[in-house]
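Here's the letter readout for the chains.
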Amino acid sequence: MVRLLSFLLFLVTWWIAALLIGDVKLPAPPAVLKVMLTEAASGALFVNLGATLARVVLSFTLAMALGAAIGYLMGRVKLADKIGDPWLILLLNLPALVVIVLAYIWAGLTEVAAIAAIAVNKLPTAVVTLREGTRALDRSLDEMATVFAIPRGKAFRHVILPQLGPYIAAAARSGLSLVWKIVLVAEYLGRPNGVGFEIGVAFQLFDIPLLLAYSLTFAAVVLVIETVLVQPFELRAARWRPRAA
Amino acid sequence: MQLEVDITGKHFENAAGERHDVLAGIKFSLHAGEVGVFVGPSGCGKSTMLKILAGLDHNYQGKVSRPAVARLGMVFQEPRLLPWRSVEDNIRLAAPHIDEKRLSELFAVLELTEHRSHFPGELSLGLARRVALARAFAIDPDFLILDEPLASLDDALAAHLREQIATLVESRSMMTLLVTHNLDDAVYLGDRLFLLSARPARILQEVPIPTPRTRRSASEINHIKADLVRRRLAKI
Ligand SMILES: Nc1ncnc2c1ncn2[C@@H]1O[C@H](COP(=O)(O)OP(=O)(O)OP(=O)(O)O)[C@@H](O)[C@H]1O
Ligand SMILES: [Mg+2]
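Treat the numbers as computed from the prediction; the structure is a model and nothing was measured. (Residues numbered from 1 in each chain as written. Chains lettered and ligands numbered in written order. Predicted model: local features only at pLDDT ≥ 70, side-chain atom pairs only at ≥ 80, totals over all residues. Heavy atoms only, no water.)

Concerning the overall build of chain B
Part 1 of the reasoning: If you tally the helices and strands in chain B, you get 7 helices and 9 strands.
Part 2 of the reasoning: A globule of 236 residues ought to have a C-alpha radius of gyration of about 18 Å, and chain B, at 18 Å, matches this closely.
Part 3 of the reasoning: Seen through its C-alpha atoms, chain B measures out along the principal axes to roughly 50 × 45 × 35 Å.
Part 4 of the reasoning: Looking at the 236 residues of chain B, the share that counts as buried comes to 54%.
Part 5 of the reasoning: Within chain B, counting contacts between residues at least 6 apart in sequence, those at least 24 apart form 70% of the total.
Part 6 of the reasoning: Chain B carries 30 positive and 30 negative side-chain charges, and their two centres are separated by 4 Å. (Helix = DSSP H or I, 4+ residues; strand = E, 2+ residues; numbered from the N terminus. Rg over C-alpha atoms; globule rule 2.2 N^0.38 Å. Buried < 20%, exposed > 50% of the residue type's maximum accessible area, 1.4 Å probe, protein only. Contact = heavy atoms within 4.5 Å. Lys, Arg positive; Asp, Glu negative; His and termini not counted. Charge placed at Lys NZ, Arg CZ, Asp CG, Glu CD.)

Here it is as structure tokens:
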């Protein structure tokens, strides 16, 4: 109910702004909706959204898996931490644009380059978060697991993983928003399809309704995925914690 | 089955690099079926010693030999339950083979039945301690380590649990080590008492209690207690 009101408020604000600024720079909602419908009817909207989503899923999964493993290792093993730390600082501070451009130069304008570049951008934050989580692990519970001879795999699943849960959720959350932003840049610079590519086209043609149609659909998809997937996962990861009032 | 302990030294180094001696001379042996009780001032190194005996700390001078096959059950000084698992699941994780009958029995004995599905965050410290006890007993240990298991329980419950521990100890032949500040617990449960010095801990005296646990009368227990108090005073 509140969400609906919030959405209506957005529409109204947009409409009023469109009336004030003028159709050329900011088309009103119906004009954008019309473009959305024609793009949907031709199928282009879904193809491009699908391509973008596939890139998001792949690079996100890659970066999360790799980042979690590296972060866990760095949190557990001092030597790994020492070796990895300078790389981490470098990657954390490397602008996304540099990574993407270099990836396209070195690996060509390929899908692999795009996905790798997006993953590399997300990787360091996942590593940092998981390293922090690993450092915060409760040693006394490890001792308990050792004393009771709980097998390693089982101990990892039931003793370690639940402690890392909130950190994984946090890494996923911040990582996903990073990926949403970067994937469009990567597409804009070197892919022949996807929401980023279409926005590039719209920019060159100065086709503002097209630009808005893609941007808003994309935003809507992000919103849905965040509410339907990410938030329940976060709740689940923290469900044993005492709830805040 | 027998535990042979000869720890000649254990120290910690603090952040400033200063050496901090914690254990000095701990030498004893313990047979299956025996309960060894350690009594000593707070901070003297009892938990540190138990950690070494449990095989959690290998960084010490001396030698500890315990039977490799011995199944270890331990009640740490803090309950150490997994906050994200219910009471029952906490126990089942440590004792995956326990059957329903034995589990209900344990819960009944420790008066935990109605807390079975609660999470540790919903338990009082006393309840959590009882869960930790249940977990240690659930695995049917050959070697049982109890670090102040009855602290923070009221007298009546402590006395009740003391009896339960006695029953469980009698029920199978295991090596049991108990650390306590409570002389009642020590005399009621122990076969041999070890009096420890202040840090770094040494065994000052070993006091055997020859009468079997089940046949100790109230007057005998009081007698031994008075004797212990006298010995302690003599040390100061
Ligand atoms: N990991 C550690 N690093 C440094 N010092 C430690 C460490 N663990 C224990 N100590 C020190 O060793 C000494 C003995 O600690 P321990 O926990 O064994 O005492 P305790 O006899 O169990 O005391 P209490 O009866 O209060 O439980 C203390 O002075 C403590 O500060
Ligand atoms: Mg202690």
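Some points on the site of ligand 1
Residues and elements named next belong to chain B.
Part 1 of the reasoning: With respect to spatial proximity, 14 residues lie near ligand 1, and among them Ser42, Lys46, Ser47, Thr48 and Gln77 are the closest.
Part 2 of the reasoning: Taking Cys44, its main chain carries an N or O atom lying 3.2 Å from an oxygen atom of ligand 1.
Part 3 of the reasoning: With respect to ligand 1, the side chain of Gln77 contributes an N or O atom lying 2.7 Å from an oxygen atom.
Part 4 of the reasoning: Against a free-state accessible area of 640 Å², the protein chains account for coverage of 63% of ligand 1.
Part 5 of the reasoning: Only strand 2 (19-31) and helix 1 (46-53) provide two or more residues apiece to the shell around ligand 1.
Part 6 of the reasoning: By residue number, the principal contributor to the shell around ligand 1 is helix 1, which donates 3 residues.
Part 7 of the reasoning: Here the shell around ligand 1 is composed, by residue class, of 3 nonpolar, 8 polar and 3 charged. (Near = heavy atom within 4 Å. Polar contact = N/O pair within 3.5 Å; in protein donor to acceptor, adjacent residues only side chain to side chain. Areas by Shrake-Rupley, 256 points an atom, 1.4 Å probe, with all protein chains shown as cover. Nonpolar A, V, L, I, M, F, W, Y, C, P; charged D, E, K, R; others polar.)

A short note on the sheet that holds strand 3 (residues 35-39) of chain B
Residues and elements named next belong to chain B.
Part 1 of the reasoning: Spatially, 4-1-2-9-8-3-7-6-5 is the arrangement adopted by the 9 strands of the open sheet, whose pairing is mixed. Because the sheet does not close on itself, it has two edges, and the strands there are strand 4 (61-65) and strand 5 (72-75). Taking each pair of neighbouring strands and ignoring which way they run, the sheet shows an average axis angle of 20°. (Pairing = 2+ DSSP bridges. Axes fitted to C-alpha atoms, helices over the stretch in contact; angles between N-to-C directions.)

Focus on the confidence of the model for chain B
All names here are of chain B.
Part 1 of the reasoning: Scored by pLDDT, chain B comes out at a mean of 89, with 99% of its residues at no less than 70.
Part 2 of the reasoning: For chain B, helix 7 (residues 218-235) is the element with the lowest average pLDDT, namely 80, and helix 2 (residues 87-94) is the one with the highest, namely 95.
Part 3 of the reasoning: Here the prediction assigns the complex a pTM of 0.82, and the interface score ipTM is 0.89. (pLDDT = per-residue confidence, 0-100.)

Focus on helix 7 (residues 139-147) of chain A
Part 1 of the reasoning: Taking burial as the measure, the 9 residues of helix 7 of chain A include 7 buried ones, the bulk of the element.
Part 2 of the reasoning: Taken as a whole, helix 7 of chain A has its buried residues at Ser140(A), Leu141(A), Asp142(A), Glu143(A), Met144(A), Ala145(A) and Val147(A).

Description of the interface of chain B and chain A
Part 1 of the reasoning: Counting residues at the interface gives 19 residues for chain B and 14 residues for chain A.
Part 2 of the reasoning: With both sides pooled, the region where chain B packs onto chain A buries about 1,600 Å², and carbon together with sulfur makes up 73% of that total.
Part 3 of the reasoning: Looking only at chain B, the three residues that lose the most surface to chain A are Arg80(B), Trp84(B) and Leu93(B), adding up to 42% of its buried area.
Part 4 of the reasoning: The tally of links from chain B across to chain A stands at 2 salt bridges.
Part 5 of the reasoning: Put simply, chain B and chain A have 5 residue pairs in polar contact (both at pLDDT 80 or more) between them.
Part 6 of the reasoning: Put simply, the parts of the chain that give the side of chain B that touches chain A at least two residues each are strand 5, helix 2 and helix 4 (125-138) of chain B.
Part 7 of the reasoning: Among the elements that take part in the side of chain B that touches chain A, strand 5 of chain B stands out by supplying 3 residues, more than any other.
Part 8 of the reasoning: Looking at the side of chain B that touches chain A, its residues break down into 14 nonpolar, 1 polar and 4 charged. (Buried area = accessible area lost by both parts, 1.4 Å probe. Salt bridge = Lys/Arg side-chain N within 4 Å of Asp/Glu carboxyl O.)

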